[in-house]
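Okay, here's what each chain looks like letter by letter:
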Amino acid sequence: KQADEGARCVGIAGAVQDTLGVLVFAGDVKVGQTLKAGETAGVVESVKAASDIYAPVDGEVVAFNDALEAEPQKLNSGPYDAWIFKMKTAAPIDGLLNAEKYRATVDNSK
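Because the structure is a prediction, the values reported are computed rather than measured. (Residues numbered from 1 in each chain as written. Predicted model: local features only at pLDDT ≥ 70, side-chain atom pairs only at ≥ 80, totals over all residues. Heavy atoms only, no water.)

Caption draft 1: Broad picture of the packing of aromatic side chains. One pass over the full model with this rule turns up zero aromatic pairs. Residue placement shows Lys-86 over the ring face of Trp-83; its charged tip is 4.6 Å from the ring centre. (Phe/Tyr/Trp six-rings, centres within 6.5 Å; stacked < 30°, edge-to-face > 60°. Lys NZ or Arg CZ within 6 Å of the ring centre and 35° of its normal.)

Quick look at the structure:
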């Protein structure tokens, strides 16, 4: 999803938050760090497990959603509305799915 000033919002998919269950932590995101696609950008934790969050593309982390510090459950109630961090990237994003395309893919696989 496009964010401010050319940055892209990064979050987790609904199926992921369903698998994890109620989230109790989202963070360890370091604003200003430059990541390669696939590198760990942060972590989410639930009552069941902890899971790394990976950078979907090469880029710089420019923001963390501070609201998640107090209410990580926002990712449970609205995983396609809540974002975890924002990245600026010059990398092509053509191969990534936005929320609508992801939902269509999941719905078609059932």
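Caption draft 2: Focus on the nonpolar core. Residues Val-44, Leu-75, Ile-84, Phe-85 and Met-87 are the most contacted members of the largest nonpolar core, which totals 20 residues. Among the elements of the structure, β2 (23-27), β4 (40-46), β6 (59-64) and β7 (85-88) are those that each provide at least two residues to this core. When neighbours within four sequence positions are excluded, Ile-84 is seen to be in contact with Val-10, Gly-11, Ile-12, Val-29, Val-44, Ile-53, Ala-63, Phe-64, Asn-65, Leu-68 and Leu-75. (Core = buried A, V, L, I, M, F, W, Y, C linked by side-chain atoms within 4.5 Å. Buried < 20%, exposed > 50% of the residue type's maximum accessible area, 1.4 Å probe, protein only. Helix = DSSP H or I, 4+ residues; strand = E, 2+ residues; numbered from the N terminus. Contact = heavy atoms within 4.5 Å.)

Caption draft 3: Up close: the pattern of salt bridges. The tally for this structure, following the rule as stated, stands at one salt bridge. When the shortest N-O distance is used, the salt bridge between Lys-74 and Glu-71 registers 4.0 Å. (Salt bridge = Lys/Arg side-chain N within 4 Å of Asp/Glu carboxyl O.)

Caption draft 4: Examining the sheet that holds β6 more closely. Overall, antiparallel pairing links the four strands, which are arranged β1-β7-β6-β3 in an open sheet. In this open sheet, the two strands that pair with only one neighbour each are β1 (7-10) and β3 (34-35). Two elements, β6 and β7, share four bridges in a ladder whose sense is antiparallel. Its bridge partner being in β7, Glu-60 is matched across the sheet by Lys-88. (Pairing = 2+ DSSP bridges.)

Caption draft 5: The arrangement of the sheet that holds β2 in detail. In spatial order, the strands read β2-β4-β5; together these three strands make up an open sheet with antiparallel pairing. Unpaired on one side and paired on the other, β2 and β5 (50-54) mark the two borders of the sheet. Adjacent strand axes in the sheet meet at a mean angle of 20 degrees when their direction is disregarded. (Axes fitted to C-alpha atoms, helices over the stretch in contact; angles between N-to-C directions.)

Caption draft 6: Main features of a nonpolar patch on the surface. Taken together, the side chains of Val-22, Val-24, Phe-25 and Val-47 make up a nonpolar region of the molecular surface, amounting to roughly 350 Å² of accessible area. The topology assignment puts Phe-25 in strand β2. (Patch = residues over 30% accessible without salt bridge, like charges linked within 9 Å, V, L, I, M, F, W, Y side chains within 5 Å. Areas by Shrake-Rupley, 256 points an atom, 1.4 Å probe, with all protein chains shown as cover.)

Caption draft 7: Structural detail: the environment of Gly-42. Along the chain, Gly-42 turns up in strand β4. Residue Gly-42 is classed as buried on the basis of its relative accessible area, which comes to 3%. Gly-42 sits 16 residues away from Ala-26 along the chain, and the two C-alpha atoms are 7.6 Å apart. Aside from chain neighbours lying at most four places away, what touches Gly-42 is Gly-27, Asp-28, Val-29, Ser-51, Asp-52 and Ile-53.

Caption draft 8: Focus on the side chain of Gln-17. In this structure, Gln-17 sits in helix α1 (residues 14-20). Take Gln-17: its relative accessible area is 9%, and that puts it in the buried class.

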